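Understanding the architecture of this molecule
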Amino acid sequence: MNASKTLGKALVASPERKLEADADLAVVRQVQAGDVAAFDRLISKYRERVLGIIYNMTSNREDAADLAQDAFIKAFQSIHRFQGQASFFTWLYRIAVNSTLSHLRKNRLRSFFSLESIQEEDAVSREVIDALTDKTGVDRDSMVRELQEKLNDAMQKLSINHRTVVTLFEIDGLSHQEIAEVMDCSVGTVRSRLHYAKQLLQAELQPYLNR
Amino acid sequence: MKREDSRKITVEDLIRLKRAERPPAEFWARFESEMRAKQLSAIVGRRTVWDGLYGAFAILRRSRLPFGAAAAAAVAWAGYHYVGVDSPAAVHAASSRSLAKTAPARLEQALVQKPRAPESVAARAPAPVPSAIAEARRDLVTVGSVSHVSPAPVSSSSEAPARTPFSDSVSAMLADFHQAMPDTAVHGMFGADREFEAAAQAPRLSMSEPLLHTDPLEVRRSRLLESALPSATRLVAGDPTKVHGDSERIYESMDRYESNERSVVGFRF
């Protein structure tokens, strides 16, 4: 029962998402009507999420900033082609993910990682960090830095598609259906990629699990 | 200790840590400014295609003198390449070739009309004109026999290859085509067919060619003699050794004529 509920939640967009999509569509219509300034609202609303996706895919802040800006510019330039069949954020994510994928394919051999500071306002994150610090007895900052590096390494060992699925599902909280729309693949493919990616990450991050 | 037992760290927990990774506030300020700059450049960038075209035209406009000179040189080269002929023999060959191509009726009309234009010249020099026409007609007959319309030359008809019905029909078709073709269709660009030049050159050539073989002094003398002594014209032109003695006689006769005129005039008044 629980499993079916989870699956349903993952497949079907939530009512909040639907409301959000309707609000976005209204703003998009304004932009299409010539109110260019209205696009700033969309940028302000989605810039952190878009940057977060790209950063977690590239593990590089500067690249992520450039790619996020390019994604917004592309969206702005082609907003007159947006028909409203999908939600705006799905459309924007698709642009961002495709730009990032092509960037990663072009610069496959380049790997300059940068680390962002973890904001511990998130209760779950603070709890995890506390647990790890208590267990290891290591300095908190050092432990967080080490964990970040390990996470980046583990993510970069995944293939581009697996990394994208993990980022969209685990970090950004998109449903399977939404990920399938963004990545232009089937829901089954999304699920299998997610399962495989988690297995690889579990193997890589084993020292930090179940301590 | 209780918390350690209750909290088991999973892969999802670790991955979720990345969700909490956020850039500092100053990063967003820079992001905003860069974003604005890119947005503006994207808006302006839409015009760059037109700007590129406009720039290309501006370059052309700025350097129109060199481009014009180059175009003029190209036209001149093309004209020389297609029209240019070096020697009189080549001129004659080209005109012969083109004479064969043009319709005989048109050429004859051009030959007849050309000398009529300067009326006084025609009155003063009636002799060379019919000879030019006759020569042009001779040329026409000769050239027409060696043209591509009728491939077998008159002079070497016995050596010509055997003509087939197919070649005859092709020749007939070509002849019909050239007869029916209007002047504008015949003339290629830069006179590629050389028919325009040939049409213009043919009367000129036939006019000038007889003069090349004629002594101007002789012509002048015969013109003077014609009015006074019609029979002397043939005599002078035929025998150059008699020129000196004959001229004395001519002057004497002219004097007589003039004195007669004067006497006549004297009687009248």
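Described below are features of the structure shown in this document. (Residues numbered from 1 in each chain as written. Chains lettered and ligands numbered in written order. Predicted model: local features only at pLDDT ≥ 70, side-chain atom pairs only at ≥ 80, totals over all residues. Heavy atoms only, no water.)

**Some remarks on the overall build of chain A**
In terms of regular secondary structure, chain A is built from ten helices and zero strands. Reading the helices (α) and strands (β) of chain A from amino to carboxyl end gives α-α-α-α-α-α-α-α-α-α. Counting only residues that meet the buried cut, chain A has 47% of its 211 residues in that class. For chain A, contacts bridging at least 24 residues in sequence account for 68% of all contacts bridging at least 6. Only carbon and sulfur atoms are counted for the fraction: they give 50% of the accessible area of chain A, which is about 10300 Å². (Helix = DSSP H or I, 4+ residues; strand = E, 2+ residues; numbered from the N terminus. Buried < 20%, exposed > 50% of the residue type's maximum accessible area, 1.4 Å probe, protein only. Contact = heavy atoms within 4.5 Å. Areas by Shrake-Rupley, 256 points an atom, 1.4 Å probe, with all protein chains shown as cover.)

**Brief notes about the side chain of Asn 60 of chain A**
Here Asn 60 of chain A lies in the loop between helix 3 (38–58) and helix 4 (61–77). Looking at Asn 60 of chain A, its side chain comes within polar contact range of the main-chain nitrogen of Glu 62 of chain A, at 3.0 Å. (Polar contact = N/O pair within 3.5 Å; in protein donor to acceptor, adjacent residues only side chain to side chain.)

**Looking at a nonpolar patch on the surface**
Residues Leu 40, Ile 43 and Val 44 of chain B make up a contiguous nonpolar surface patch of roughly 260 Å² in combined accessible area. By the secondary structure assignment, Leu 40 of chain B is in helix 3 (residues 25–45). (Patch = residues over 30% accessible without salt bridge, like charges linked within 9 Å, V, L, I, M, F, W, Y side chains within 5 Å. Salt bridge = Lys/Arg side-chain N within 4 Å of Asp/Glu carboxyl O.)

**Overview of the interface of chain B and chain A**
Taken together, the contact pairs 33 residues of chain B with 50 residues of chain A. Taken over both partners, the interface formed by chain B and chain A buries close to 4200 Å², and the fraction arising from carbon and sulfur atoms is 61%. Counting the contacts that link chain B with chain A gives six salt bridges. In this assembly, chain B and chain A are joined by eleven residue pairs in polar contact (both at pLDDT 80 or more). For the side of chain B that touches chain A, the secondary-structure elements that each account for two or more residues are helix 1 (2–6), helix 2 (11–19) and helix 3 of chain B. Among the elements that take part in the side of chain B that touches chain A, helix 3 of chain B stands out by supplying twelve residues, more than any other. (Buried area = accessible area lost by both parts, 1.4 Å probe.)

None of this, on its own, says anything about what the molecule does.
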